[in-house]
Amino acid sequence: MTVWDDLVGQEKVCEPLAAAARDADAFVTAAAAAGPLPQATSMTHAWLFTGPPGSGVAQTARAFAAALQCVSPDRALGGVPGCGFCDGCHTALVGTHADVSTVVALGAEIRAQDMRDTVRKSFTSPANGRWQIILVEEAERLNEKSANAVLKAVEEPAPRTVWLLCAPSVEDVLPTIRSRCRHLNLRTPSVEAVADMLVRREGIEPDVAAAAARATQGHIDRARRLATDKAARDRRAAVLKLPLRVEDVGGALKAAQELVDAAAEDAKQLAEEMDAKETEELKAALGAAQGGRLPRGTAGVIKDLEADQKRRKARTQRNSLDLALSELTGFYRDVLALQLGTRVAIANADAEDALERLARGSTPESTLRRIEAIAACGEALDRNVPPLLAVEAMTMALRSG
């Protein structure tokens, strides 16, 4: 199974990436043999992958990184780079390749200090791979200073360095950066394609896979989680009951509190899983004995880690709330579809009774106002409004319509 087989519904994007991987392989092979370098090439030093949430932008970029690091012996016999099973492919896909650096936002933005070591590494030669690859999963979260650092690295790259930037759209990236990148736009895969992937790759029952794909409207990661994680299904079921619980002020405020508490619990669980392990590993790296005191002058490093962990916890809570808001938007979209009598497929077929009840008891205009209230909640969270205050304002607006 090649690295391209994991990309759902992105056949048009896979073709130019596979061609670029072949040209990149020919370039490195010729350079190693001290032979003449290929003149015509579809490979370039910077790529910008864009697409709506759930389209698999980061997965596509990582698959390309794996193809660039492929060391399969079949390449010498005309095989396409990106076999999916060699050491280069495997370590790049799972995130352990020494020459594939991944940058993600711990908080609301990617700060300059988060990029400093990565930008420095981008100017070095590969340690043991074929390319030095920098994968920025959320390029839209680069702030001014970190974006300028990336710009300098993209303007004057090392010969064997490749930048892979991921963002929802080209407008989310500085014009000076995107003008130096080759752009590939991904589309949301069809519900049928996602369901087929869940059946073939995850072994999910066809009915369950179809329901998960339909409920998430082609969002690959959410569909996989919904199909494989009972807790995710329970959480979604609770969110979809919220529209029926906001008929009075007390119910609206209680629903808001429970939604925020659930998001906070998600963040707490992640922190419990990761924070203690990260702290112990850092202490060991700094030379502290098991249960012993830290060496002199290293307390600041621990404080920096704790600050990053706090930012990650807040980001996890926000991501959980974003997911709930997306599910609520989909619910009211279905209500609107029923009210207008359109032929649009209902995503939340498992909540059809609730959809019918709300569709009969309200007007399309009130449903649109409720959808706008959900969007306003997301905007308030973007402005760092306290989560409970933002969600309470939303549930009260859902109540009034």
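Note: the structure precedes this text.
Residues numbered from 1 in each chain as written. Predicted model: local features only at pLDDT ≥ 70, side-chain atom pairs only at ≥ 80, totals over all residues. Heavy atoms only, no water.

**Student:** Teacher, can you tell me more about the overall build of the protein here?
**Tutor:** On a plain count of helices and strands, the protein comes out with 15 helices and five strands. In summary, the protein has a C-alpha radius of gyration of 24 Å against a globular reference of 21 Å for 401 residues, a match within 12%. Judged by the C-alpha coordinates and their principal axes, the protein covers about 75 × 60 × 40 Å. Looking at the protein as a whole, 45% of its 401 residues qualify as buried. Residue pairs in contact within the protein that sit at least 24 positions apart in sequence constitute 72% of those at least 6 positions apart. Treating the 50 positive side-chain charges of the protein as one cloud and the 55 negative ones as another, the clouds have centres 3 Å apart. (Helix = DSSP H or I, 4+ residues; strand = E, 2+ residues; numbered from the N terminus. Rg over C-alpha atoms; globule rule 2.2 N^0.38 Å. Buried < 20%, exposed > 50% of the residue type's maximum accessible area, 1.4 Å probe, protein only. Contact = heavy atoms within 4.5 Å. Lys, Arg positive; Asp, Glu negative; His and termini not counted. Charge placed at Lys NZ, Arg CZ, Asp CG, Glu CD.)

**Student:** Is there a simple way to explain the nonpolar core in this structure?
**Tutor:** The nonpolar side chains of soluble globular proteins are, as a tendency, buried together. Formed by 36 residues in total, the largest nonpolar core has its most connected members in Trp4, Trp47, Phe49, Phe64 and Leu164. Only helix H1 (11-32), strand S1 (46-50), helix H2 (57-68), helix H3 (87-94), strand S3 (132-136) and strand S4 (161-167) provide two or more residues apiece to this core. In contact with Phe49, not counting residues within four places along its chain, are Leu17, Val57, Thr60, Ala61, Phe64, Leu164, Leu165, Cys166, Ala167, Leu184 and Leu186. Among the nonpolar cores identified, the runner-up in size contains 30 residues, and Ala256, Ala359, Cys377 and Leu398 belong to it. (Core = buried A, V, L, I, M, F, W, Y, C linked by side-chain atoms within 4.5 Å.)

**Student:** What should I look at first to understand the pattern of salt bridges in this one?
**Tutor:** Where charged atoms from two side chains of opposite charge approach closely, those side chains can pair. If you walk through the whole model with that rule in mind, you get 20 salt bridges. Note that Arg200 and Asp196 form a salt bridge whose closest N and O atoms lie 2.6 Å from each other. In this pair, Arg200 and Asp196 are both assigned in helix H7 (residues 191-202), four residues apart and thus about one turn of the helix distant. The partly exposed category is assigned to Asp196, whose relative accessible area is 36%. (Salt bridge = Lys/Arg side-chain N within 4 Å of Asp/Glu carboxyl O.)

**Student:** Where do I start with the side chain of Ser320 in this structure?
**Tutor:** Within the element layout of this structure, Ser320 appears in helix H12 (residues 299-340). A relative accessible area of 16% places Ser320 in the buried class. Beyond its immediate stretch of four places on either side in the chain, Ser320 contacts Arg235, Ala263 and Asp266.

**Student:** Looking at this structure, I do not really get helix H11 (residues 249-285). What am I missing?
**Tutor:** For an α-helix the count is 3.6 residues per turn, leaving residues at separations of three or four pointing the same way. Compared with the 54 Å implied by 1.5 Å per residue over 37 residues, the 53 Å span of H11 between its first and last C-alpha is a close match. The largest bend in H11 is about 35°, located at Ala271. In this structure Asp248 caps H11, since a side-chain oxygen of it lies 3.1 Å from the backbone nitrogen of Gly250. (Expected span 1.5 Å × (residues − 1). Bend = angle between axes of the 7 residues up to and from the residue. Polar contact = N/O pair within 3.5 Å; in protein donor to acceptor, adjacent residues only side chain to side chain.)

**Student:** Looking at this structure, how should I read the pairing of S1?
**Tutor:** Along a regular strand, successive side chains alternate from one face of the sheet to the other. The buried fraction of S1 amounts to five of the five residues, a majority that puts the element mostly inside the structure. Where burial is concerned, the two faces of S1 agree: the one with Ala46, Leu48 and Thr50 and the one with Trp47 and Phe49 are both buried. Relative to S4, S1 runs parallel, the two sharing five bridges. Bridge pairing links Phe49 to Cys166 in S4. Here S1 runs beside strand S5 (residues 182-185); their pairing, made up of four bridges, is parallel. Among the inter-strand pairings, Trp47 is bridged to a residue of S5, identified as Arg182. (Pairing = 2+ DSSP bridges.)

**Student:** Is there a simple way to explain unusual backbone geometry in this structure?
**Tutor:** Most peptide bonds take the trans configuration, and most residues that are not glycine carry a negative phi. Residue Gln217 is not a glycine yet carries a positive backbone phi of 55°. Note that Gln217 resides in the loop between helix H8 (206-216) and helix H9 (220-228).

**Student:** What should I look at first to understand the packing of aromatic side chains in this one?
**Tutor:** Note on aromatic pairs: each is described by the distance of the centres and the angle between the planes. The full count for this structure, using the stated rule, is five aromatic pairs. Summarising the aromatic geometry, the rings of Trp47 and Phe49 are spaced 6.5 Å apart at their centres and angled 20° between planes, so their arrangement reads as stacked. Of the residues examined, Trp47 reaches a relative accessible area of 0% and is grouped as buried. Arranged with centres 4.9 Å apart and planes meeting at 65°, the rings of Trp47 and Phe64 form a pair that is edge-to-face. Taken together, the positions of Trp47 in strand S1 and Phe64 in helix H2 put the pair 17 residues apart, joining distant regions of the chain. A connected cluster of aromatic rings, assembled from ring pairs, spans Trp47, Phe49 and Phe64. (Phe/Tyr/Trp six-rings, centres within 6.5 Å; stacked < 30°, edge-to-face > 60°.)

Shape descriptors only; they carry no functional weight alone.
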